[in-house]
Amino acid sequence: MLENETMARAEDSEISEVTPQGQSTTKVIRAAVVGTVVEYYDFGIYGYMATTIAALFFVSHDPNAALLGTFAAFAVAFFLRVPGGIFFGHIGDKYGRKNALSWTILLMVLATAGMGLLPTYATLGVWATSILVLARCLQGFAAGGELGGANAFVSESAPARWRATQTSMVNTGTYLGSLAASLMALGLTSAFTHEQILEWAWRIPFLLSLLIGGIGIWIRSQMEDTPQFTELQDKGETKKLPIRELLSTSGGSVVKIILLGALITGGYYIASVYAATYLQTTGGHSSRVAFLSTSLALVLGVITLPTSGYLADKYGRRPVLFAGSAAAVLLGVPMFMMMAGGSVWQAVVGQSVLFICVSVVNGASYVTYVEMLKASVRYSGLALGNNVTNMFLGGTAPFIATYLISLTGNSLAPAGYFVFCAVITFVTVFFIKETKGIALQVD
């Protein structure tokens, strides 16, 4: 028996270094993470430049109305994530994870660089705003196929005993991409005057996408498809219409994914993108302080994610999901009170704690999604479930939070939205089975 355990551990160690096709897991993770960094830098830079975009493209005598217009365009992109997820899910489940992931990054880079080349409202009038919204929609369509595919790609190459840890690393790419966007916005405000930013410097972070996107595209072009998908393809068991197969055989799992993801979508955008604006408009801090606080929160999130994944591998998915969502419910309002309190240290602590709560849940979520779905519809299921949640709770979060304050006059109203998302996740955990250690479903 001891000999068998030793052999199993050796096998796991070996698999963690090389997949059955001879592709190292380091290469697999790197390809997934780098591509996700590019996608979420491109997708996030719009949010972190919200106040500047509002001034340049959403002209209004009321700054709050202009900001609402900017966040409305931010939200519109999330409605395009669902058809994007269905489209790329079809490609990923029928023609390969690699093919789908290569196209998502290319489309995202084209949309983001296009924003950087746009004339502003002062030059082109309402056409400038319209083209900006169209480019934002293309970003949303591309983003719809990214995260689900990247998680399917890594999880299908990971050994069972480290699956949560390795899958959680994919999501560090979303944080690192957002962190890069936040640092770029911070660097912009530090290196240029407000007038220079409005005149021309605002274009820099968007055009930078051409450089980092090119690197991501090259890295993804070097990877091979996953062993599970290759097996399906070799046996001719890929589905003609994966989305139909998904809804007819795994509809219940998709509903659970939608509900379970409430905190890591709605809560994520409240604690990161919206918080950067909240600290300025409600906390009274400078854009520099807001971006520094957001950057620190993202760094702590990057550390928390693999830690959460490790704990999910050691103790199970459900205990980690319960702990993170319960903490978010209890701490949501107190942390928002700190963020609105006025002092820098309160702002930093409040935002960081909220983001750590989200990250604890995030580290165990995607591996749970993966383990609910069979290989022939896994990409489609991950993309559909995640993007529906993003559409209703994530992309609308900054707009709803801004609107709640405008409607109620209460600066703590966004805390209610954050807690609402956390409660949905917490309750849903009661209805999912523990999946730690199971073999992934092939078909």
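Heads up: the structure comes first, above all this text.
These numbers were taken from a predicted model, which means no experiment stands behind them. (Residues numbered from 1 in each chain as written. Predicted model: local features only at pLDDT ≥ 70, side-chain atom pairs only at ≥ 80, totals over all residues. Heavy atoms only, no water.)

Caption draft 1: Main features of the overall build of the protein chain. Across its full length, the protein chain carries 23 helices and 0 strands. For 443 residues, the compact-globule estimate of 2.2 N^0.38 gives 22 Å, and the protein chain sits close to it at 21 Å. With the principal axes as the frame, the protein chain shows a C-alpha extent of 70 × 45 × 40 Å. For the protein chain, the proportion of its 443 residues judged to be buried stands at 58%. Across the protein chain, contacts joining residues at least 24 apart in sequence account for 85% of those joining residues at least 6 apart. (Helix = DSSP H or I, 4+ residues; strand = E, 2+ residues; numbered from the N terminus. Rg over C-alpha atoms; globule rule 2.2 N^0.38 Å. Buried < 20%, exposed > 50% of the residue type's maximum accessible area, 1.4 Å probe, protein only. Contact = heavy atoms within 4.5 Å.)

Caption draft 2: Broad picture of the environment of P227. In this fold, P227 is placed in helix α14 (residues 227–235). Separated by 71 residues in sequence, P227 and E156 place their C-alpha atoms 7.0 Å apart.

Caption draft 3: Geometry of the nonpolar core. Counting 120 residues, the largest nonpolar core has F57 and F418 as its most contacted members. Looking at which element gives the most residues to this core, the answer is helix α17 (residues 262–281), with 13 residues. Residue contacts for F57: discarding those within four places in its chain leaves L118, P119, T120, Y121, A128, T129, L132 and W202. (Core = buried A, V, L, I, M, F, W, Y, C linked by side-chain atoms within 4.5 Å.)

Caption draft 4: Local environment of the pattern of salt bridges. Throughout the structure, instances matching the rule amount to 9 salt bridges. In this structure, E231 and K235 form a salt bridge, with 3.0 Å as the shortest nitrogen-oxygen distance. Pair noted here: E231 and K235 are both in helix α14, with a separation of 4 residues, about one helical turn. In this structure K235 comes out as exposed when scored by relative accessible area, which is 52%. One salt bridge connects E371 with R317, and the closest N-O pair in it is separated by 2.7 Å. Taken as a pair, E371 in helix α20 (residues 344–372) and R317 in helix α19 (residues 317–339) lie far apart in primary sequence, 54 residues in all. Residue E371 is classed as buried on the basis of its relative accessible area, which comes to 3%. (Salt bridge = Lys/Arg side-chain N within 4 Å of Asp/Glu carboxyl O.)

Caption draft 5: Focus on the packing of aromatic side chains. As enumerated under the stated definition, the model contains 20 aromatic pairs in all. Aromatic side chains F192 and W200 sit 5.1 Å apart centroid to centroid with 80° between the ring planes, which places their arrangement in the edge-to-face category. By relative accessible area, F192 is classed as partly exposed at 22%. Measuring from centroid to centroid gives 5.7 Å for Y274 and Y278, while their planes differ by 50°, and the two rings are tilted. Placement of both Y274 and Y278 in helix α17 is noted, with a separation of 4 residues, approximately one turn of the helix. With respect to burial, Y274 and Y278 carry one shared label: buried. An aromatic cluster is built from Y40, F43, F78, Y175, Y268, Y269 and F355, whose rings are joined through pairwise contacts. Between the NZ or CZ atom of R81 and the centre of the ring of F43, over which it lies, the distance is 5.4 Å. Residue placement shows R136 over the ring face of F43; its charged tip is 4.1 Å from the ring centre. (Phe/Tyr/Trp six-rings, centres within 6.5 Å; stacked < 30°, edge-to-face > 60°. Lys NZ or Arg CZ within 6 Å of the ring centre and 35° of its normal.)

Caption draft 6: Structural detail: the packing of α17 against α20. Look at α17 against α20: their axes get within 8 Å of each other, and the N-to-C directions meet at 155°. Put simply, α17 runs roughly antiparallel to α20. Classified by chirality, the crossing of α20 by α17 is left-handed. Note on element contacts: α20 touches α17 through A347, Q351, L354, F355, C357, V358, V361, N362, S365, Y366 and Y369, opposite L263, I264, G267, Y268, A271, S272, A275, A276 and L279. Residues belonging to the contact of α17 with α20 are distributed by class as follows: 15 nonpolar, 5 polar and no charged. (Axes fitted to C-alpha atoms, helices over the stretch in contact; angles between N-to-C directions. Parallel < 35°, antiparallel > 145°, perpendicular 65-115°, else oblique. Left-handed = near helix turned anticlockwise from the far one by under 90°. Nonpolar A, V, L, I, M, F, W, Y, C, P; charged D, E, K, R; others polar.)

Caption draft 7: The arrangement of the environment of G437 in detail. Its location among the elements puts G437 in the segment after α23 (413–429). G437 gets classed as exposed once you look at its relative accessible area, which sits at 52%. Excluding residues that lie within four positions of it along the chain, G437 makes contacts with A160 and R317.

Just geometry here; none of it tells us what the structure is for.
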